[in-house]
Amino acid sequence: MLINRLSKLCLGGFIARYAIIGLGKIGTAIAKSLIKSGVDPTSISGSVRRVESISRVGHELPGVFVTTNNAEVVKGADIVILAVKPYQVLDALMPIRDLLSSDQLLISVVAGVTTGIIEGFVLSKVIRAMPNIGIVIERGVTAVAPGSRVSEDDVKRACGIFSSMGRCVVVNERYMDAITAISGSGPAFMALILEALWEAGLLLGIPTDISWELAVGTLETSAELLRFRKPWEVVEEVTTPGGVTIRGIKVAEEGSLRGLIMRMIEETARRGGEISREIEAGIRSRINN
Ligand SMILES: NC(=O)C1=CN([C@@H]2O[C@H](COP(=O)(O)OP(=O)(O)OC[C@H]3O[C@@H](n4cnc5c(N)ncnc54)[C@H](OP(=O)(O)O)[C@@H]3O)[C@@H](O)[C@H]2O)C=CC1
Ligand SMILES: O=C(O)[C@@H]1CCC=N1
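The chain is annotated in an unreviewed UniProt entry as Pyrroline-5-carboxylate reductase of Vulcanisaeta souniana JCM 11219. According to the UniProt record, the Sequence similarities (unreviewed entry) comment for the chain reads "Belongs to the pyrroline-5-carboxylate reductase family." If you open the UniProt record of the chain and go to Pathway (unreviewed entry), you find "Amino-acid biosynthesis; L-proline biosynthesis; L-proline from L-glutamate 5-semialdehyde: step 1/1."

A. Seen up close, the overall build of the chain. Counting its regular elements, the chain contains 13 helices and 10 strands. Its C-alpha atoms put the chain at 70 × 40 × 40 Å along the principal axes. Here the chain holds 289 residues, and 39% of them are scored as buried. Contacts in the chain between residues far apart in sequence, at least 24 positions, make up 63% of those at least 6 positions apart. Accessible area for the chain stands at about 16,100 Å²; split by element, carbon and sulfur atoms hold 60% of it.

B. Structural context of the confidence of the model for the chain. Here the chain shows a mean pLDDT of 93. Residues at 70 or above account for 94%. Every residue in residues 1–12 is under pLDDT 50, and counting partners more than four places away or in other chains gives 30 contacts.

C. Layout of the pairing of strand 10 (residues 166–170). As judged from the five bridges shared by strand 9 (residues 140–146) and strand 10, these two strands associate in the parallel manner. Directly across from Ala143, in strand 10, lies its bridge partner Val169. Chirality of the crossover, the property in question, places the unit of strand 9, helix 7 (residues 152–163) and strand 10 among those that are right-handed.

D. Spotlight on the UniProt feature "binding site: NADPH" (unreviewed entry) in the chain. Under the local residue numbering, the UniProt record ascribes the feature "binding site: NADPH" (unreviewed entry) to Asn70. By the secondary structure assignment, Asn70 is in helix 4 (residues 70–74). Setting aside its immediate chain neighbours within four residues, Asn70 contacts Ile21, Ser47, Ala92 and Ile96.

E. Local environment of the environment of Ala196. Relative to the helices and strands, Ala196 is located in helix 9 (residues 186–203). Looking at Ala196, the relative accessible area reads 45%, which means it is partly exposed. Separated by 83 residues in the primary sequence, Ala196 and Ile279 have C-alpha atoms spaced 35 Å apart.

F. Structural context of the sheet that holds strand 4 (residues 44–47). Strand order across the open sheet formed by eight strands is 5-4-3-6-7-8-9-10, with mixed pairing between neighbours. The open sheet is flanked by strand 5 (65–67) and strand 10, the only strands paired with a single partner. Looking at each pair of strands side by side, their axes are set apart by 20 degrees on average, direction ignored. Examined bridge by bridge, strand 3 (residues 18–21) and strand 4 share four bridges and lie parallel to one another. From the neighbouring strand, Ala19 faces strand 4, where its bridge partner is Ser45. Helix-sheet contacts for helix 8 (residues 176–184) involve strand 8 (125–130) and strand 9, and the interaxial angle to strand 8 is about 40 degrees.

G. View of the side chain of Arg128. Its place among the elements puts Arg128 in strand 8. Looking at Arg128, the relative accessible area reads 3%, which means it is buried.

H. Summary view of unusual backbone geometry. The backbone phi angle of Glu138 is positive, close to 55 degrees, even though this residue is not glycine. The phi dihedral of Ser256 falls on the positive side, at around 50 degrees, and the residue is not glycine. For Ser256, a relative accessible area of 43% puts it in the partly exposed group.

I. Expanded view of the packing of helix 9 against helix 10 (residues 208–228). Orientation of helix 9 relative to helix 10, taken along the N-to-C sense of each, is 140 degrees, at an axis distance of 9 Å. In terms of axis orientation, helix 9 runs oblique to helix 10. The handedness of the crossing between helix 9 and helix 10 comes out as right-handed. Touching Leu194, Leu197, Trp198, Gly201 and Leu202 of helix 9 are Thr208, Ser211, Trp212, Ala215, Val216 and Leu219, all from helix 10.

What counts, and at which threshold
Residues numbered from 1 in each chain as written. Chains lettered and ligands numbered in written order. Predicted model: local features only at pLDDT ≥ 70, side-chain atom pairs only at ≥ 80, totals over all residues. Heavy atoms only, no water. UniProt positions renumbered as here; feature names shortened; annotations may be inferred. Helix = DSSP H or I, 4+ residues; strand = E, 2+ residues; numbered from the N terminus. Buried < 20%, exposed > 50% of the residue type's maximum accessible area, 1.4 Å probe, protein only. Contact = heavy atoms within 4.5 Å. Areas by Shrake-Rupley, 256 points an atom, 1.4 Å probe, with all protein chains shown as cover. pLDDT = per-residue confidence, 0-100. Pairing = 2+ DSSP bridges. Right-handed = clockwise from strand over helix to strand, strands pointing away. Axes fitted to C-alpha atoms, helices over the stretch in contact; angles between N-to-C directions. Parallel < 35°, antiparallel > 145°, perpendicular 65-115°, else oblique. Left-handed = near helix turned anticlockwise from the far one by under 90°.

Now the structure itself:
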């Protein structure tokens, strides 16, 4: 523990010690990415809820100090990353609320939980971030929204961390629920679409592995092309008048495919707002009891 506390590493000119509350899927991915980007594992401490999770994390993150004791994790950390499920935020933060100081930068990646909610019960500077799972291959897309207490340097520091795992954009917090739907949840939606493309290949008799290879390859190629071209330009280039593509487009339009996708994102974002209200109600009832 002493070694853990003393070990430091320089990231973008800043010598930081990291605490990650919630070493689950995204917390572990963040820790792995920090290590890949050059952070010494011994300068990262992290927590889990159940004792039995410690050995899992120990295997995945050798050198990282892991405990179920959040107080131990945040003590002495410069940057605290909160990566528990929304409904676990109160249980995770309430017992350590007096330990989190105004010098510490708390970066929450929790969907739907606003900086205002967190600032309401800790003194730390708070930033809300929404990464996506692409950070595991250093191709993550992260949006960062500053809370009311942070400086420009804090925002740069947070974006610096996520830039080492892919791309980072600074946004106004009012867009965060929509961003969560598009890029946070996005990989799951893209996976659904890809799965359907692959299954369509199976339906038409293409062997499994070939159908998969072609579907994944097409998604990759399309994403690369669409970096430099507008969607309607690609549609025009591909679609031969009286040819085959236009038949498929007709079916997509008849089924309101684009409307369906928009509604999918809209509903996902709406859930973010619901979560904020549920958490706020939870805080009010705890404070009143
Ligand atoms: N998964 C994703 O792609 C993304 C997720 N997010 C956000 O990240 C957050 C975490 O999601 P995800 O990683 O998928 O969820 P997981 O359930 O995989 O991870 C949550 C982790 O938090 C730990 N935990 C729960 N309560 C406490 C506590 N009181 N103290 C310390 N640790 C605790 C759990 O411990 P244990 O393992 O013992 O149960 C678990 O390891 C969510 O709020 C989500 O909105 C944001 C962007 C993308
Ligand atoms: O599904 C969720 O709530 C989280 C937020 C973004 C990705 N996963």
